[in-house]
Amino acid sequence: MNETPAIRLTGLRKTFGALSAVDGVDLSIRPGEVVALLGPNGAGKSTTIDLALGLARPTSGSVELFGGPPHDAIHGGRVGAMLQGGALLPTLTVAESVALVAAAHRHPLSVDEALKRARCTEIGRQRVSKLSGGQLQRARFAVAVVSDPDLLFLDEPTAAMDVEARRTFWQSMREFTEAGRTVVFATHYLEEADEYADRIVMMARGRVVADGTPTEVKAVVSGRRIRATATFAAAPETQAELLALPGVRSVDRRGDQLTLVSDDSDATLRALLTARPDIHDIEVTAHTMDEAFLALTESRDPEGAVS
């Protein structure tokens, strides 16, 4: 219970003139957690990662990695990072790039092992300048893991990857996290956060507006969606009747296709089946991560953050 957090951010702020890029972030991440940072452009995700890595100095607040300053953990080889601004020397091969970084650490993985973990073995001899966008991301991942870190930061790791490359990347990430490593990744792919993160920290306007499991974050958008098919009249009273069903919050009818958003899907379905016995092809679904994302980052006051 007294386990030292892998990351502890306390009252973290970073301003650039009148702009508050990070505005009072308090965050504690336990060893072994896989945490996704979500938020629109300008939400403060990349700045938060830079501050956590000691690449930028906070205006106020503090950062601890494994109970000490970031420099100590990084110097000890406990931290790896794959950042948007990170560049590899174009004239080196992928293997040479990995070896160059490995030489800076006391107990690195072998170059072959780092390439294997990043699914880069087949491109090890290729020059960086000849890599595709997806291959370059995999090479950068190999560089990030060669120190065999306990904590890994990833900023938009699957940018420029196609669907198959993204799947391969996350397979390698699963192997990395199964050993109890801590991973923090920022992404614009909401389905990645939903599928691969133990915990989602959603940011907007430099603040944390949600912090919880994917299920908890999606639950912020209350209710369920009911889709069904039937022959509906176009009369206004039909719309009013549907809105009057128990639990119904909104109605969308397009031809014979009906979509209801309900706060009590069981009560809504019972009433709907009684009123319309001809209804069929019924589907009940929870809200998506996209809907939670929009609700939290566009319309929710950051002072009302959920946790």
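Look above for the structure.
Remember, predicted model here, so these are calculated numbers, not experimental data.

Draft legend 1. Spotlight on the nonpolar core. Counting residues in each nonpolar core, the largest one holds 46 residues, and the members touching the most others are Phe-141, Leu-152, Leu-154, Met-173, Ile-200 and Met-202. Leave out the neighbours within four places in its chain, and Phe-141 touches Met-82, Arg-117, Ala-118, Leu-152, Leu-154, Phe-169, Ser-172 and Met-173. Listed in part, the 28 residues of the second largest apolar core include Val-35, Leu-37, Val-63 and Val-208.

Draft legend 2. The pattern of salt bridges, seen in detail. Tallying each qualifying case throughout the model produces 19 salt bridges. Note that Arg-119 is salt-bridged to Glu-175, the shortest N-O span being 3.0 Å. With Arg-119 in the loop between α4 (111–117) and α5 (133–145) and Glu-175 in helix α6 (residues 163–177), the pair connects residues that are 56 residues apart, well separated along the chain. The exposure class of Arg-119 is partly exposed, given its relative accessible area of 24%. Linking Asp-211 and Arg-199 is a salt bridge whose minimum nitrogen-to-oxygen distance equals 2.8 Å. Placement of the pair is Asp-211 in strand β9 (residues 207–212) and Arg-199 in strand β8 (residues 199–204), with a sequence separation of twelve residues. Like Arg-199, Asp-211 is buried.

Draft legend 3. Up close: the sheet that holds strand β4 (residues 60–65). Within the open sheet, the three strands sit side by side as β2-β1-β4. Their pairing is antiparallel. Lying at the two open borders of the sheet, with one neighbouring strand each, are β2 (19–29) and β4. Going across the sheet, the axis of each strand differs from the next one's by a mean of 20 degrees, ignoring polarity. Of the strands in this sheet, β1 (7–16), β2 and β4 touch helix α1 (residues 45–52), which is tilted by about 120 degrees from β1.

Draft legend 4. Spotlight on the environment of Arg-224. With respect to the element layout, Arg-224 can be found in strand β10 (residues 224–229). Along the sequence, Arg-224 and Arg-167 sit 57 residues apart, while their C-alpha atoms lie 29 Å from each other.

Draft legend 5. Main features of the sheet that holds strand β13 (residues 280–286). Read from one edge to the other, the open sheet built from four strands follows the order β11-β12-β10-β13, with strand pairing classed as antiparallel. In this open sheet, the two edge strands, each paired with only one partner strand, are β11 (248–254) and β13. Strand-to-strand twist across the sheet, computed as the mean angle between neighbouring axes with direction ignored, equals 15 degrees. Looking at chain direction, β10 and β13 are connected through five bridges and run antiparallel.

Draft legend 6. Summary view of α1. Within α1, burial applies to Lys-45, Thr-48, Ile-49, Leu-51 and Ala-52. On an axial view of α1, the arc spanned by its buried residues comes to 160 degrees, and they lie on one face. Phi for Gly-54, located one or two positions after α1, is positive at around 75 degrees.

Draft legend 7. Structural detail: the packing of aromatic side chains. On inspection of all chains with the given rule, the structure shows four aromatic pairs. Taking the centre distance of 5.0 Å and the plane angle of 65 degrees together, the rings of Phe-141 and Phe-169 count as edge-to-face. One end of the pair, Phe-141, is in helix α5; the other, Phe-169, is in helix α6, and 28 residues separate them in sequence. By relative accessible area, which is 1% here, Phe-141 ends up buried.

Draft legend 8. Broad picture of α5. Between its first and last C-alpha, α5 extends 19 Å over 13 residues, near the 18 Å set by a 1.5 Å rise per residue. For α5, the buried fraction is high: ten of the 13 residues fall into the buried class. All of the buried residues in α5 are Gly-134, Gln-137, Arg-138, Ala-139, Arg-140, Phe-141, Ala-142, Val-143, Ala-144 and Val-145.

Draft legend 9. Region of the structure containing the side chain of Thr-48. Relative to the helices and strands, Thr-48 resides in helix α1. Owing to a relative accessible area of 4%, Thr-48 belongs among the buried residues under this scheme. Here Gly-44 takes part through its backbone oxygen, which lies 2.7 Å from a polar atom of the side chain of Thr-48. When residues no more than four places from it in sequence are discounted, the contact partners of Thr-48 are Leu-9, Val-22 and Met-203.

Analysis parameters
- Residues numbered from 1 in each chain as written.
- Predicted model: local features only at pLDDT ≥ 70, side-chain atom pairs only at ≥ 80, totals over all residues.
- Heavy atoms only, no water.
- Core = buried A, V, L, I, M, F, W, Y, C linked by side-chain atoms within 4.5 Å.
- Buried < 20%, exposed > 50% of the residue type's maximum accessible area, 1.4 Å probe, protein only.
- Contact = heavy atoms within 4.5 Å.
- Salt bridge = Lys/Arg side-chain N within 4 Å of Asp/Glu carboxyl O.
- Helix = DSSP H or I, 4+ residues; strand = E, 2+ residues; numbered from the N terminus.
- Pairing = 2+ DSSP bridges.
- Axes fitted to C-alpha atoms, helices over the stretch in contact; angles between N-to-C directions.
- Arc of directions from axis to C-beta.
- Phe/Tyr/Trp six-rings, centres within 6.5 Å; stacked < 30°, edge-to-face > 60°.
- Expected span 1.5 Å × (residues − 1).
- Polar contact = N/O pair within 3.5 Å; in protein donor to acceptor, adjacent residues only side chain to side chain.

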